[in-house]
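Given next are the chains, with one letter for each unit.
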Amino acid sequence: VWLRDSASALASTHPNVTAIAIDASTYADLGASDSQEVGTALAIGLMWIRALSETESDLTAALKRIEFTFSAGPDQFTTIAKLRAARTCWARITQACGLDADQIPMRVHTITASTMMSQRDPWVNMLRTTTACFGAALGGADAITVQPFDAAIRDPEELGFRIARNTQLILQEETKVGVV
């Protein structure tokens with residue numbers, strides 16, 4: 001109840017702030033499969049639909065303030081399929097709740113999976129995070145966070161942060177993957 005009321009109050013005073021963030025990537029980091037990660041996120045999303053329907057006069061506007069976070073792994077095709085399946089299932093859930101699914105698109109944030117990061121050979125992590133970032137972009141992620149390649153062995157250094165940022169920029173600017 002307190003979370004629901006806080007999210008509603010935040011949304012009324014700050015309409016452009018994402019009031020509710022559903023982070024399913026933590027479940028993937030704990031060993032959940034891709035389908036378990038998506039299922040957990042959708043179950044939490046449905047919980048929020050039920051909670052917000054009790055207090056919100058405009059449920060569609062309230063649901064636009066929800067953001068889902070998923071992990072992006074080294075298998076680009078699995079990542080693409082996971083994100084597309086999550087969007088399709090979310091649309092079906094909103095339709096089943098009597099809402100217009102076209103007005104409530106799923107906002108997706110992805111983060112490269114911590115479980116794929118190697119401690120023994122951190123340099124290969126650059127390839128893994130690039131593949132994960134590529135899969136997330138083709139899967140339709142609205143925002144992508146690439147973890148630094150050296151995050152598995154220590155607090156990331158400047159080079160790790162720079163490579164992580166540049167991975168996204170190169171995929172965006174050089175390959176035009178966001179336009180595909």
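Values in this document were obtained by computation on a predicted structure and should not be read as measured data. (Residues numbered from 1 in each chain as written. Predicted model: local features only at pLDDT ≥ 70, side-chain atom pairs only at ≥ 80, totals over all residues. Heavy atoms only, no water.)

*Asks:* Before we go on, may I ask you to explain the overall build of the chain in this structure?
*Replies:* Of the regular secondary structure elements, the chain holds 7 helices and 4 strands. Each helix (α) and strand (β) of the chain, taken in turn from the N terminus, gives the series α-β-α-α-α-β-α-β-α-β-α. Its C-alpha atoms give the chain a radius of gyration of 17 Å, near enough to 16 Å, the size a compact globule of 180 residues would have. Considering only C-alpha atoms, the chain reaches an extent of 50 × 30 × 30 Å along its principal axes. Taking the intrachain contacts of the chain between residues at least 6 apart in sequence as the baseline, contacts between residues at least 24 apart amount to 69%. Carbon and sulfur atoms form 55% of the exposed surface of the chain, whose accessible area is close to 9800 Å². (Helix = DSSP H or I, 4+ residues; strand = E, 2+ residues; numbered from the N terminus. Rg over C-alpha atoms; globule rule 2.2 N^0.38 Å. Contact = heavy atoms within 4.5 Å. Areas by Shrake-Rupley, 256 points an atom, 1.4 Å probe, with all protein chains shown as cover.)

*Asks:* Looking at this model, I keep getting lost on the confidence of the model for the chain. Mind explaining?
*Replies:* Caution is warranted with low-pLDDT regions, since their predicted coordinates should not be read in detail. For the chain, mean pLDDT is 88; residues scoring 70 or higher make up 94% of the total. Within the chain, the element-level pLDDT minimum falls on helix H1 (residues 2–13), averaging 69, and the maximum on strand S3 (residues 107–112), averaging 96. (pLDDT = per-residue confidence, 0-100.)

*Asks:* Is there a simple way to think about helix H7 (residues 158–173) in this case?
*Replies:* Residues three or four positions apart in an α-helix share a direction because the helix packs 3.6 residues into each turn. Taking 1.5 Å of rise per residue, 16 residues should cover 22 Å, and H7 covers 22 Å from first to last C-alpha, within 8% of that figure. Among all positions of H7, only Gly160, Ala164, Thr167 and Leu171 are buried. Viewed end-on, H7 has its buried residues packed into an arc of 50 degrees, placing them on one side of the element. Looking at the buried residues of H7, the elements they touch are helix H6 (124–138). (Expected span 1.5 Å × (residues − 1). Buried < 20%, exposed > 50% of the residue type's maximum accessible area, 1.4 Å probe, protein only. Arc of directions from axis to C-beta.)

*Asks:* In this structure, what is going on with the pairing of strand S1 (residues 20–23)? I would like to understand it.
*Replies:* Successive residues of a regular strand alternate their side chains across the two faces of the sheet. Alternating residues of S1 divide into Ile20 and Ile22, all buried, and Ala21 and Asp23, none buried. Pairing geometry for S1 and strand S2 (residues 66–72), over 4 bridges, is parallel. In the sheet register, Ile20 faces S2, and the bridge partner there is Ile66. (Pairing = 2+ DSSP bridges.)

*Asks:* Honestly, the nonpolar core in this entry has me stumped. Any pointers?
*Replies:* In summary, soluble globular proteins display a tendency toward joint burial of nonpolar side chains. Counting 30 residues, the largest nonpolar core has Leu63, Phe68, Phe70 and Met106 as its most contacted members. At the level of secondary structure, the elements contributing two or more residues to this core comprise S1, helix H3 (34–53), helix H4 (59–63), S2, helix H5 (76–96) and H6. Looking at which element gives the most residues to this core, the answer is H3, with 6 residues. Setting aside anything within four residues of it in sequence, one finds Phe70 in contact with Ala24, Ser25, Glu37, Val38, Ala41, Leu83, Ala86, Met106, Val108, His109, Thr110 and Ile111. Membership of the second largest hydrophobic core comes to 5 residues, among which are Val146, Ala164, Leu171 and Val177. (Core = buried A, V, L, I, M, F, W, Y, C linked by side-chain atoms within 4.5 Å.)

*Asks:* Would you take a moment to explain the packing of H5 against H6 for this structure?
*Replies:* In a packed pair of helices, the relevant descriptors are the angle between the two axes and the axis-to-axis distance. Viewed as axis vectors pointing N to C, H5 and H6 meet at an angle of 30 degrees, and their least axial separation amounts to 8 Å. When you trace H5 past H6, the crossing you get is right-handed. Across the interface between the two elements, Gln76, Thr79, Ile80, Leu83 and Arg84 from H5 touch Thr131, Phe134, Gly135, Ala136 and Leu138 from H6. Its residues assigned to classes, the contact of H5 with H6 comprises 5 nonpolar, 4 polar and 1 charged. (Axes fitted to C-alpha atoms, helices over the stretch in contact; angles between N-to-C directions. Left-handed = near helix turned anticlockwise from the far one by under 90°. Nonpolar A, V, L, I, M, F, W, Y, C, P; charged D, E, K, R; others polar.)

*Asks:* When you look at the pairing of S3 in this model, what are you seeing that I'm missing?
*Replies:* Summarising the sheet, S2 and S3 pair through 6 bridges and their orientation is parallel. What sits directly across from Ala72, in S3, is Thr112. Taking the sense of rotation as the criterion, the β-α-β connection linking S2, H5 and S3 turns out right-handed. Handedness of the crossover is the feature at issue here: the chain leaves S3, passes through H6, returns alongside strand S4 (residues 143–145), and the resulting connection is right-handed. (Right-handed = clockwise from strand over helix to strand, strands pointing away.)

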